[in-house]
Each structure stands twice: as C-alpha cells, then as structure tokens.
Amino acid sequence: MSTPSTAKRVLMVIAPAGAPALESAARSAAAVARESGGVVRMAWMQPLPPPRVDRHDRVVADTDREMVRLTEIALDRMRALTWDFGEVDVEPVVRFGRLATELAVEAHAWGAGLIGLAAPARPTFRHYLRAWYLARMVAVPLVLLPIQRPDGGDRRRESMVLPAFR
C-alpha cells in the first residue's frame, strides 16, 4: 500500500463545492509529491451542467458549451493554485459526472498512487464519511489533505489515510 511519503502520482480531487480553501490542500499535495519525486494531477470534478437559460427560459448555452465555459474557469482556478509548486510537475484535468464514478475512472486511467481530498480545518463526520465512501469506490489509498488551521498551525499529523479496499 502506498503511503503519502511514497506516492509517485498524487491525484488531488477538487470539487467546486469544497473549493474555497484549496491553497493549503494544494501545497500539501505538492509537498507529498516533492518528497517522493512524483507528480500531482489536479482533477476538477463536478456534475454534468444543465443548459444555461436566460430569464425567458431560452437556451443561451447548451450542455456542451456550458462544459467548455466551466472547463476554462476550472483551468484558471487550478493554474492559480499551482503558482508556488516549485519543481513539482502538475497536470490539470476537468471531468464532468458523478464524483465517485469519475474519481474511479481517473485514478485507474492515470495510475494514481494516492488520492488527496481537501478537508476543512476541523473535519466533521460528513467529511470522514465522504472520504470513506470514495475510498471504497477506488483501489487507491485516499488521504484527507490538511488545510492550514486558522491559527496557522499545520494539520499534517492529523491527516487521515484510508487504505485501498480492493
């Protein structure tokens, strides 16, 4: 089983709902990859968007065009997260669909050694339950990436690694 210090391919999962405080999670993913001489793949995953309509319910952008627009926004946000990664290689990818399904596909296709999932400074039961569920869907260890505490402390020792279940 891979541990955070031996993972050569770190898949950092970004879901737009949990995207407000991703900077420290991204730094943590980069630190894990740097320690092992690996690479980070940032995977922005969100549900398939509905067509965009105006106030008169006329379709302004169909689902394909909306996906293109959202992909550009996601790529810009991921570029902003990687400005201080240093020598760590970063590969951005955007996927649309159900989180568990797309995560399993991406982890398998890329050959991830570790999946990083951002968590708030004080993860609740819901965060642990979501991580457990996602870890059951993939054959790769999953870690809740530490996000810096409000007082500036590091949560690295409080990260939770869930082993691969398959």
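Predicted model only: the values in this text are computed from it and were never measured.

## Here's the deal with the side chain of Arg41
- By the element assignment, Arg41 lies in strand S2 (residues 39-46).
- Taking the relative accessible area as the measure of exposure, Arg41 reaches 17% and is therefore buried.
- For Arg41, the residues in contact, after removing those within four places along its chain, are Val10, Leu11, Met12, Glu91, Val93, Glu106 and Trp110.

## Considerations on the pattern of salt bridges
- The tally for this structure, following the rule as stated, stands at 9 salt bridges.
- Linking Glu66 and Arg69 is a salt bridge whose minimum nitrogen-to-oxygen distance equals 2.5 Å. With Glu66 and Arg69 both in helix H2 (residues 63-81) and 3 residues apart, the pair spans about one turn of that helix.
- Under the relative-accessibility criterion, Glu66 is labelled buried at 6%.

## Thoughts on helix H3 (residues 99-110)
- Taking 1.5 Å of rise per residue, the 12 residues of H3 would be expected to cover 16 Å, and the 16 Å separating its terminal C-alpha atoms lies within 8% of that figure.
- All of the buried residues in H3 are Leu99, Ala100, Glu102, Leu103, Glu106, Ala107 and Trp110. One side of H3 carries all its buried residues, which in axial view fall inside an arc of 165°. H3 presents His108 and Ala109 as exposed residues on the side facing more than 90 degrees away from its buried surface.
- In this structure, the buried residues of H3 make contact with strand S1 (9-14), S2, strand S5 (89-96), strand S6 (114-118) and helix H4 (125-137).
- Where H3 terminates, the next one or two residues include Gly111, which has phi positive at roughly 75°.

Conventions we followed
- Residues numbered from 1 in each chain as written.
- Predicted model: local features only at pLDDT ≥ 70, side-chain atom pairs only at ≥ 80, totals over all residues.
- Heavy atoms only, no water.
- Helix = DSSP H or I, 4+ residues; strand = E, 2+ residues; numbered from the N terminus.
- Buried < 20%, exposed > 50% of the residue type's maximum accessible area, 1.4 Å probe, protein only.
- Contact = heavy atoms within 4.5 Å.
- Salt bridge = Lys/Arg side-chain N within 4 Å of Asp/Glu carboxyl O.
- Expected span 1.5 Å × (residues − 1).
- Arc of directions from axis to C-beta.

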